[in-house]
Amino acid sequence: MWAVGLGPKERFRAVRPDLVIPSLTGITLKKLLSALAARMASRETWTVREAPFDPKKQRQMETIFTVGNGYLGTRGTLEERYPGDLSATLISGLCDDAPLVHTELVNTPNWTPCYLMVEGERFALDRGEVLACERNLDLREGILRRHVRWRSPKGHTAELLIERWASMAEPHLCVLRFLVTPLDFDGEVELRAEIDGMVETPGVISPTEVGLCHWAWAGQGHPSPQRAFLHLRTRKSEVDLCVATHLAVEGPASVRYVPCTCPWQPGVVARFALRRGETAVITKLASLYTSSEAGYSALLSKHRARWDELWERCDVEIEGDEVAQRAVRFNLYHLLIAAPYHTDRVSIPAKALSGFGYRGHVFWDTDVFILPFFAFTLPEVARSLLLYRYHTLPAARERAVQVGCEGAMYAWESADDGREVTPKWVPSETGGPVHIRCGDLEPHISADVTYAVWLYWKATGDDVFIRDYGAEIVLSTAAFWASRVEYNPKQGRYEIRNVMGPDEYHEQVDNNAFTNAMAQWNIQFALELWE
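Residues numbered from 1 in each chain as written. Predicted model: local features only at pLDDT ≥ 70, side-chain atom pairs only at ≥ 80, totals over all residues. Heavy atoms only, no water.

Draft legend 1. Representation of the overall build of the protein. From N to C terminus, the protein includes 11 helices and 24 strands. Computed over C-alpha atoms, the radius of gyration of the protein comes to 26 Å, within 12% of the 24 Å expected from 2.2 N^0.38 for 531 residues, which places it in the range of a compact globule. With respect to the principal axes defined by its C-alpha atoms, the protein has extents near 90 × 60 × 40 Å. Pairs at least 24 residues apart make up 63% of the contacts formed inside the protein by residues separated by at least 6 positions. Counting only carbon and sulfur atoms, one obtains 53% of the accessible surface of the protein, whose full area is about 24100 Å². Charged side chains of the protein number 57 positive and 69 negative; the gap between the two group centres comes to 5 Å. (Helix = DSSP H or I, 4+ residues; strand = E, 2+ residues; numbered from the N terminus. Rg over C-alpha atoms; globule rule 2.2 N^0.38 Å. Contact = heavy atoms within 4.5 Å. Areas by Shrake-Rupley, 256 points an atom, 1.4 Å probe, with all protein chains shown as cover. Lys, Arg positive; Asp, Glu negative; His and termini not counted. Charge placed at Lys NZ, Arg CZ, Asp CG, Glu CD.)

The structure is reproduced here in structure tokens:
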């Protein structure tokens, strides 16, 4: 079914019909259908689809369907949960101590669980009959949608429309919306919305299913029948986190709300009756750190407006290749939902905020491959990423001292405070130890950070940044290289020995081409700045 708006575009900003036409002048059915077809074709380059649900690809699609806003990212785990899924909400910079890897991003309480009962039968894709099932990620609006038509084991058919998003306008707010419609029955419906605090971060040692719980319980409660909260504290870093939820049902004549008081898993149960063809609109708001009293439409409008602003500045248009266009926008989407708009004390981890790979640590990839995009589109984000490097200079100087050098040597893997958190050993697939040498042998990251400073400066002309922050990074890393090189009297040259290049397959080599070239450039740039 298509929706067409008639009138000025501004009138439909809140509802977003499929097509808006200013008037009916000159409009024929053929022209209208042609315009709708063109609109649908252009929309496909903004959409990533999954149909039907495939349990074998569950974790892969959870990563692809991550929603986020730079403050947090939530994997695309289905609301009703299934065996083998990997639910996670990761908050940028929220770390805690962990064995082997020193520190890691913490898996925070899962705000998404919603369990639906239709006439006493639990909705699940692995029971009853699935008549239709599709999930799609709207890259333009940052909204994950799911459409399911399901027949219960006893023959009750219901249609479900579910959408999920992390507000780009209010970064501590996440939203879930269920539309439930009975198609061939009148009956009772129940939805239980939870905050699940029984979460673990997957382990490093096989089997990874044996995870680590970083949380200690600090409190929970129900300020009202429609509200619940959970208060936890990280065990080592002692960071407090409060997750609150609010549940509201629109449509039914009456709704009964009942608090769910399970330890670690507080929630709200909504019970109501629906007639055939009647729709219940169920909205679950989840707040991590803050709360909101605004209505769904107002929240969605602000969220969409922020996405419009981002795409206006960041979109890359490719003509004549729909696959390439969708691929580029998908990658831009994941960059935009990982960017730290809210602070300059964190950076973008190697797996962004979509999973646990590399334990949420920050690598050179951010400085060399990610930051240039932001320098030319959202320079304020690039500046924040560089300020993370500036704020972690003390740890880089400490690391230089540890290896017998001067200046600043940036950590190969860093987290909240910039200390070196590259593990020395990790277990192999067979259980034996694998020596990880990157933290000791890949000093090129110090020049990579300097390159990011230079590129940002050239792209933006931000002389204030160079004066107040950038020059200190450049001069400190140059001092490191000047103390790291060794003079070879036979060759009459300076050399950098015992390193690993960026390919990471050649360990303990002398005079790696990339490392030498970047170190030489780093020193030359520092001399130019000094002059």
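Draft legend 2. The sheet that holds strand β9 (residues 121–122), seen in detail. Pairing in this open sheet of 5 strands is antiparallel, and the strands run β9-β8-β14-β19-β18 from one edge to the other. Because the sheet does not close on itself, it has two edges, and the strands there are β9 and β18 (255–262). Across 2 bridges, the pairing between strand β8 (residues 114–118) and β9 is antiparallel. Bridge pairing links Met117 to Arg122 in β9. (Pairing = 2+ DSSP bridges.)

Draft legend 3. Local environment of the layout of surface pockets. The computed volume of the second largest pocket comes to approximately 610 Å³. Together, 26 residues line the second largest pocket, and Tyr358, Phe363, Glu413, Ile436 and Glu504 are the ones closest to its centre. When residues of the lining of the second largest pocket are traced back to their parent elements, those giving at least two are α5 (364–377), β21 (425–427) and β22 (433–435). Partitioning the lining of the second largest pocket into residue classes produces 16 nonpolar, 4 polar and 6 charged. (1 Å grid on protein atoms, 1.4 Å probe; cavity = no way out; pocket = protein on both sides within 12 Å on 5 of 7 lines; lining within 4 Å. Points joined across faces, edges and corners; volume = space filled by probe spheres on them. Nonpolar A, V, L, I, M, F, W, Y, C, P; charged D, E, K, R; others polar.)

Draft legend 4. Local environment of the nonpolar core. In this structure, Leu336, Leu371 and Phe374 are the most contacted members of the largest nonpolar core, which totals 107 residues. Of all the elements, α5 adds the most residues to this core, at 7 residues. Setting aside its immediate chain neighbours within four residues, Leu371 contacts Thr366, Ala382, Leu385, Leu386, Ala452, Leu455 and Tyr456. Residues Cys405, Trp481, Met518 and Ala519 belong to the second largest nonpolar core, which totals 10 residues. (Core = buried A, V, L, I, M, F, W, Y, C linked by side-chain atoms within 4.5 Å. Buried < 20%, exposed > 50% of the residue type's maximum accessible area, 1.4 Å probe, protein only.)

Draft legend 5. Layout of the side chain of Thr450. In this fold, Thr450 is placed in helix α9 (residues 444–460). A polar contact is formed between the side chain of Thr450 and the side chain of Asn522, at a distance of 3.3 Å. With sequence-adjacent residues up to four places away left out, Thr450 is seen in contact with Ile473, Val474, Thr477, Trp521, Asn522 and Phe525. (Polar contact = N/O pair within 3.5 Å; in protein donor to acceptor, adjacent residues only side chain to side chain.)

Draft legend 6. Representation of the packing of aromatic side chains in the model. All told, the structure shown has 22 aromatic pairs when counted by the stated rule. Ring plane angle 25° and centroid distance 6.0 Å describe the contact between Trp307 and Trp311, whose orientation is recorded as stacked. Of this pair, Trp307 and Trp311 both sit in helix α3 (residues 296–314), separated by 4 residues, roughly a single helical turn. The buried category is assigned to Trp307, whose relative accessible area is 0%. In this structure Trp311 comes out as buried when scored by relative accessible area, which is 2%. Grouped by ring-pair contacts, the aromatic residues Tyr358, Phe363, Trp364, Phe369, Trp412 and Phe514 constitute a single cluster. The side chain of Arg329 reaches across the aromatic face of Trp46, ending 3.7 Å from its centre. The ring of Trp457 is capped by Lys458, whose NZ or CZ atom sits 5.0 Å from the centre of that ring. (Phe/Tyr/Trp six-rings, centres within 6.5 Å; stacked < 30°, edge-to-face > 60°. Lys NZ or Arg CZ within 6 Å of the ring centre and 35° of its normal.)

Draft legend 7. Geometry of α9. Along its 17 residues, α9 runs 25 Å from first to last C-alpha, staying within 8% of the 24 Å computed at 1.5 Å per residue. Buried within α9 are the following residues: His444, Ile445, Ser446, Ala447, Asp448, Val449, Thr450, Ala452, Val453, Leu455 and Tyr456. (Expected span 1.5 Å × (residues − 1).)

Draft legend 8. How the structure looks around the sheet that holds strand β7 (residues 102–108). The strand order β4-β5-β6-β7 describes an open sheet built from 4 strands, whose pairing is antiparallel. Sheet topology places β4 (67–68) and β7 at the edges, where each strand pairs with a single neighbour. For strand β6 (residues 89–98) and β7, the ladder comprises 6 bridges, and the chain directions are antiparallel. Bridge pairing in β7 places Leu90 opposite Asn107.

Draft legend 9. Representation of the pairing of β18. Looking at chain direction, β18 and strand β19 (residues 265–274) are connected through 8 bridges and run antiparallel. Within β19, the position partnered with Val258 by the bridge is Val269. Hairpin connection, β18 to β19: the antiparallel pair is bridged by 2 residues, and Trp264 has positive phi, about 70°.

Draft legend 10. Geometry of the environment of Gly128. With respect to the helices and strands, Gly128 occurs in the loop between β9 and β10 (129–138). If near-sequence neighbours (up to four positions away) are discounted, Gly128 is found in contact with Trp150, Arg151, Ser152 and Pro153.

Draft legend 11. Here's a closer look at empty space enclosed by the protein. Using the criterion set out here, one finds 2 cavities of 30 Å³ or more in the structure. Estimates place the volume of the largest cavity at around 90 Å³. For the lining of the largest cavity, the element with the highest residue contribution is β6, accounting for 3 residues. By residue class, the composition of the lining of the largest cavity is 7 nonpolar, 4 polar and 1 charged. Around the second largest cavity sit Gly76, Thr77, Leu78, Glu79, Arg135, Leu144, Arg145, Arg146, Ile162, Glu163 and Arg164, which together line it. Elements with a contribution of two residues or more to the lining of the second largest cavity: β11 (143–151) and β12 (157–166). Looking at side-chain class alone, the lining of the second largest cavity contains 3 nonpolar, 2 polar and 6 charged residues.

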